[in-house]
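What follows is the residue order along each chain.
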Amino acid sequence: MKTGVLVGIDLGGTNVRVGAVNLQGDVLAWAEAPIEASRGPQVGLARIGALIEQVLGTVGMVMPLAIGMGATGPIDRQRGSIQNPYTLPTWEDVPVVQLLQERFGVPVALENDADAAALGEAWVGAGRDHERVLMVTVGTGIGTAFVYRGEIYRGIEGAHPEAGHIVVDPRGPLCYCGAHGCWESLASGPAIARRAQSLARDTSTLMVELAQGNLEAIDARVVVAAAQAGDVLAQQIIEETAFYLGLGMVNLMIAYLPDVVILGGGVMRAYPVFAPYIHQVIQQHSVVAPLQSVRLVMARLGGQAGVVGAAYAASKLIVEG
Ligand SMILES: [Zn+2]
């Protein structure tokens, strides 16, 4: 059996996290730092290189077996570059994979960060021991990823499927993508906040109190807290959001029939509040397919999922190579 460690990198727009991960998926060492994208990729890559050396030093290694990076997408896997002008504006067309390969002399894998997180959860997190793992992340948007027998499902040209833009209400609000009633425009954190802010204007509700009278400060967290305290309007918003959350999930569950749906992201931390309504929607659509057998589980790796999944992607390179 091979010994040694993998390096997993989770590169976001603000911070980069690096872990030394063994072949069983345990994180043995961890380091993170701001990425400061505005200072350019040279500064960023030098910092990533230093963090890699730091975690390897912690576990007493000089070289990793392979390196994997999950980056805030979109990414170009063919060219090994990150193409995200919004979160990593200076990094476009920089051959990140090639540069890391040259510096460390080992194979380097590059994944979209949502795919990396799903791979991590499927490997040693909430999807462990399951063949068909669907991950749904609800936060600022809604992201999904499907892992089948340890492999991430890729779309045409290697593209990452964007199920957050499945239409769940054609008469719904306009999404930035140009369509009306996309799943994420009705059920993401900002969607919950928008609905709450417009309704709180004309009604007396605990939400305004919790936001210290500032309507703009009403966010998904405030809505959840008010609903839990018995506020009727907040409970209505939760119910409506849960309906759309459930509808989007049912669409994907019917299409994929996964063993588990892993729920991640900030909004899903309040899953118990949404759960009864989500289950109702799922039940209503269970006639044609065994949806009741699909387990809905919370993500388990938290902030480490991306690093662990990137390490998993790296491990594939040593098996293949
Ligand atoms: Zn959309």
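These numbers come from a predicted model, not from an experiment.

Chemist: In this structure, what is going on with helix α7 (residues 220-228)? I would like to understand it.
Modeler: Since one α-helical turn is 3.6 residues long, residues separated by three or four positions face the same way. Buried residues of α7: A220, V222, V223, V224, A226 and A227, and no others. Taken from the residues just after α7, G230 is the one with a positive phi, measuring 95°.

Chemist: Just to check I follow, could you spell out the domain arrangement of the chain for this structure?
Modeler: Partitioning the chain into domains gives domain 1 (6-111) and domain 2 (126-299). The C-alpha-based centres of domain 1 and domain 2 are spaced at 30 Å.

Chemist: Quick question: what am I supposed to make of the packing of helix α5 (residues 189-200) against helix α8 (residues 232-256) here?
Modeler: Axes are the key here: two packed helices are described by the angle between their axes and the distance separating the axes. The interhelical angle for the contact between α5 and α8, taken along N-to-C directions, is 145°, at an axis separation of 10 Å. As α5 runs across α8, the sense of the crossing is right-handed. Contacts between α5 and α8 involve I192, R195, A196, L199 and A200 from the first element and L233, I237, E240, T241 and Y244 from the second. Looking at the contact of α5 with α8, its residues break down into 7 nonpolar, 1 polar and 2 charged.

Chemist: Just checking my understanding: could you explain unusual backbone geometry for this structure?
Modeler: As a rule of thumb, non-glycine residues mostly have phi less than zero, and peptide bonds are mostly trans rather than cis. Non-glycine residue E36 carries a positive phi angle of around 50°. Following the sequence through the fold, E36 ends up in the loop between β3 (27-34) and α1 (41-58). Of the residues examined, E36 reaches a relative accessible area of 34% and is grouped as partly exposed. Within the chain, E157 stands out as a residue other than glycine whose phi angle is a positive 60°. Relative to the helices and strands, E157 is located in the loop between β10 (151-152) and α4 (183-187). Of the residues examined, E157 reaches a relative accessible area of 79% and is grouped as exposed.

The rules we used
- Residues numbered from 1 in each chain as written.
- Predicted model: local features only at pLDDT ≥ 70, side-chain atom pairs only at ≥ 80, totals over all residues.
- Heavy atoms only, no water.
- Buried < 20%, exposed > 50% of the residue type's maximum accessible area, 1.4 Å probe, protein only.
- Helix = DSSP H or I, 4+ residues; strand = E, 2+ residues; numbered from the N terminus.
- Domains from an automatic or database assignment.
- Axes fitted to C-alpha atoms, helices over the stretch in contact; angles between N-to-C directions.
- Left-handed = near helix turned anticlockwise from the far one by under 90°.
- Contact = heavy atoms within 4.5 Å.
- Nonpolar A, V, L, I, M, F, W, Y, C, P; charged D, E, K, R; others polar.

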